[in-house]
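Structure assessment
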Amino acid sequence: QVQLVESGGGLVQPGGSLRLSCAASGIIFRVNNMGWYRQAPGKQRELVATITAGGITNYADSGKGRFTISRDNAKNTVYLQMNTLKFEDTAVYYCNAAVQTTVWKLSEYWGQGTQVTVSS
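Now for a description of the structure that goes with this document. (Residues numbered from 1 in each chain as written. Predicted model: local features only at pLDDT ≥ 70, side-chain atom pairs only at ≥ 80, totals over all residues. Heavy atoms only, no water.)

Observations regarding the overall build of the protein chain
Rule in force here: Each helix corresponds to a stretch of at least 4 residues labelled H or I by DSSP, and each strand to a stretch of at least 2 residues labelled E; elements are numbered beginning at the N terminus. Each radius of gyration is computed over the set of C-alpha atoms, and the globule rule expresses the reference value as 2.2 Å times the number of residues to the power 0.38. Buried, partly exposed and exposed residues are distinguished by accessible area as a fraction of the type maximum, computed with a 1.4 Å probe on protein chains only: under 20%, between the cut-offs, and over 50%, respectively. Residues count as neighbours in contact if any of their non-hydrogen atoms are within 4.5 Å of one another. All accessibility values rest on the Shrake-Rupley procedure with a 1.4 Å probe; residue burial counts only the protein chains present in the view. A residue counts as positive if it is Lys or Arg and as negative if it is Asp or Glu; His and the chain ends are not included. Every charge is mapped to an atom, namely NZ of Lys, CZ of Arg, CG of Asp or CD of Glu.
The helix and strand tally for the protein chain stands at zero helices and 11 strands. Reading the helices (α) and strands (β) of the protein chain from amino to carboxyl end gives β-β-β-β-β-β-β-β-β-β-β. A compact globule built from 120 residues should have a C-alpha radius of gyration of about 14 Å, and the protein chain, at 14 Å, falls within 12% of that. Buried residues in the protein chain amount to 43% of all 120 residues. Partitioning the intrachain contacts of the protein chain with sequence separation of at least 6 by distance along the chain shows that 55% fall at a separation of at least 24. Carbon and sulfur atoms make up 51% of the accessible area of the protein chain, which totals about 6400 Å². Computed over 11 positive and 7 negative side-chain charges, the separation of the two mean positions in the protein chain equals 4 Å.

In structure tokens:
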């Protein structure tokens with residue numbers, strides 16, 4: 001089994017910054033794409049950013065210029081640096097990863113979520 005454990009959420013004022021981390025552990029042959037999604041109250045879960053194993057990134061328009069996704073392949077960890085946070089960034093942020101547990105088996109995993117609240 002594979003577990004994704006997130007950390008770094010919390011309460012921040014508008015304009016502030018937070019850095020989220022998500023570490024994958026368990027029986028892992030290779031971690032492929034990793035990403036962050038978020039879900040605000042009453043809304044559907046939406047993409048924030050993704051990153052391939054080779055470091056190619058993709059961002060939702062809402063975070064372009066403010067958020068930076070990165071990863072440490074040696075640690076099977078993905079990060080999300082969030083700057084200039086806005087009220088509308090308030091949500092539960094979920095880590096996602098496509099993990100090969102063997103050469104032939106690829107599965108998608110989700111973290112438990114970490115709350116980010118932007119409030120004055």
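From this point, the discussion proceeds with the structure in view.
A short note on the sheet that holds strand β3 (residues 18-26)
Condition: Whether two strands pair comes down to DSSP finding at least two bridges between them. Interaxial angle, 0 to 180 degrees, is taken between N-to-C directions of lines fitted to C-alpha atoms, where a helix line uses only the stretch in contact.
Within the open sheet, the four strands sit side by side as β1-β3-β8-β7. Their pairing is antiparallel. In this open sheet, the two strands that pair with only one neighbour each are β1 (2-7) and β7 (67-72). Recorded for the sheet is a direction-independent mean angle of 15° between the axes of neighbouring strands. Where β7 and strand β8 (residues 77-82) come together, six bridges link them in antiparallel fashion. Across the sheet, the residue bridging to Arg71 is Val78, located in β8.

Describing the pattern of salt bridges
A side chain with one charge may pair with a side chain of the opposite charge, provided their charged atoms come close. Rule in force here: By convention in these notes, a salt bridge is any Lys or Arg side-chain nitrogen within 4 Å of a carboxyl oxygen on Asp or Glu.
Counting across every chain of the model gives four salt bridges. The salt bridge involving Arg38 is made with Asp89; its shortest N-O contact spans 2.9 Å. On the criterion of sequence distance, the pair formed by Arg38 in strand β4 (residues 30-39) and Asp89 in the loop between β8 and β9 (91-100) is long-range, its members being 51 residues apart. Across the pair, Asp89 and Arg38 agree in class, each one buried. A salt bridge links Asp89 to Arg66; the shortest N-O distance between them is 2.7 Å.

Spatial relationships are all this shows, so hold off on functional conclusions.
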